[in-house]
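For reference, the chains in residue letters:
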Amino acid sequence: MKTKSRVTAISSEPQVSGGFSDRLRALMDGSTQAAFATDAGISQAGIHKLLHGGEPNLGTLIALAKAGGVSVEWLATGRGNRILADEEASALTASLTTHLNEFAFVPRYEVSASAGHGLRPISEDISERVAFRADWLREIGVSAANAAVLTADGDSMEPLIPDGALMLVDVSIREVRNGCIYVIVKDGDLLVKRVHRKVDGTVSLISENVRYDPEIISADMLDKLHIVGRVRWVGRTI
């Protein structure tokens, strides 16, 4: 990536029309997607998505701006100075650091968890990082270091977990608590189900959608069942 000297006037920087993806392409300035993704600390798939109409969250936006040596405001909106003077950059960094200390950034993985008959994971790359308030995570007992965001795929957990919903998963919880919802690997398939362990040693994988019957896992087959973590929060668009 080319090193750019810092200036105070936007007039010395070329103007970039269009939306966020256009500014990102200008920022990459000939760098490959793989190289720029490495500099920013996000996945190449994430860069590709942003270049084709995706919108970054706050953590990703800051990482991209830092990697490219530009202001967050310019990258996000196209307004303001593209490259800040040293004193402005220092003040902005201090302000952002204070603000960002209130948040924890949890990795979101490309892999989806099936709320249906099973979906084999195709990628485990981090596509972005999702911001959660750090005090809220502490309140529900989730450490950001042990958290991951996955996407639900399918309708078996509807209406509680709709198709396409984001799920905050605590991957430090591997022991089954009856009635709670877990992300599970079964025979290579990634599932999200309510889990119930019975007295006889069998385990029931239960769907919220009444169209799906519970799946019973016998005691001698439990070695094929791996608990990834417990689902602690579900987010969705309406």
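Conventions we followed
Throughout this description, residue numbers start from 1 for each chain and increase along the sequence as written. For a predicted model such as this one, the threshold for reporting local features is a pLDDT of at least 70, and the threshold for listing and counting side-chain atom pairs is 80 or more; totals across whole chains, interfaces and linings nevertheless cover every residue. By convention in this description, side-chain values take in all heavy atoms of the structure and omit both hydrogens and water. Buried Ala, Val, Leu, Ile, Met, Phe, Trp, Tyr and Cys residues form a nonpolar core when they are joined through side-chain atoms within 4.5 Å. Only protein chains enter the accessibility calculation, which uses a 1.4 Å probe; a residue whose area is less than 20% of its type maximum is buried, one above 50% is exposed, and one in between is partly exposed. The numbering of helices and of strands both runs from the N terminus, where a helix is a DSSP run of H or I of at least 4 residues and a strand a run of E of at least 2. The contact criterion used throughout is that any non-hydrogen atoms of two residues lie within 4.5 Å. pLDDT gives the predictor's per-residue confidence on a scale running from 0 to 100. For this document, the term salt bridge refers to a Lys or Arg side-chain nitrogen within 4 Å of an Asp or Glu carboxyl oxygen.

1. Observations concerning the nonpolar core
Okay, so step 1: By size, the foremost hydrophobic cluster in this structure holds 20 residues, and its most contacted members are Phe20, Leu24, Phe36, Ile47, Leu64 and Leu75.
Okay, so step 2: Elements represented by at least two residues in this core include exactly α1 (20-28), α2 (33-40), α3 (44-51), α4 (58-68) and α5 (72-77).
Okay, so step 3: A per-element tally of this core places α4 first, with five residues.
Okay, so step 4: Those residues in contact with leucine 24 that lie beyond four places of it in its chain are Phe36, Ile47, Leu50, Leu51, Leu64 and Leu75.
Okay, so step 5: Of all hydrophobic cores here, the second largest spans 15 residues; its members include Met157, Ile181, Leu190 and Val228.

2. Topic: the confidence of the model for the protein chain
Okay, so step 1: Summary statistics for the protein chain give a mean pLDDT of 79 and a share of 79% for residues scoring 70 or more.
Okay, so step 2: Ranking the elements of the protein chain by mean pLDDT puts helix α6 (residues 86-100) last, at 58, and strand β4 (residues 166-170) first, at 94.
Okay, so step 3: With pLDDT under 50 throughout, residues 1-15 is counted as low confidence; its partners more than four residues away or in other chains account for 31 contacts.
Okay, so step 4: Low pLDDT (under 50) marks residues 119-123, which in the prediction has 13 contacts with non-local residues, meaning those over four places away or in another chain.

3. Things to note about the pattern of salt bridges
Okay, so step 1: The final tally for this structure, using the stated rule, is six salt bridges.
Okay, so step 2: The partner of aspartate 155 in a salt bridge is arginine 211, and the shortest N-O contact between them spans 2.6 Å. One end of the pair, aspartate 155, is in the loop between β3 (147-153) and β4; the other, arginine 211, is in the loop between β7 (203-206) and β8 (215-217), with 56 residues separating them in the sequence.
Okay, so step 3: The exposure class assigned to aspartate 155 is partly exposed, which follows from its relative accessible area of 23%.
Okay, so step 4: The salt bridge partner of arginine 194 is glutamate 208, with a shortest N-O separation of 2.8 Å. A residue pair is termed long-range when its members are at least 10 positions apart, and arginine 194 in strand β6 (residues 189-197) and glutamate 208 in the loop between β7 and β8 qualify at 14 residues.
Okay, so step 5: Residue classification places glutamate 208 among the partly exposed positions, given a relative accessible area of 27%.
Okay, so step 6: The network of salt bridges with shared partners includes Glu102, Arg133 and Asp135.

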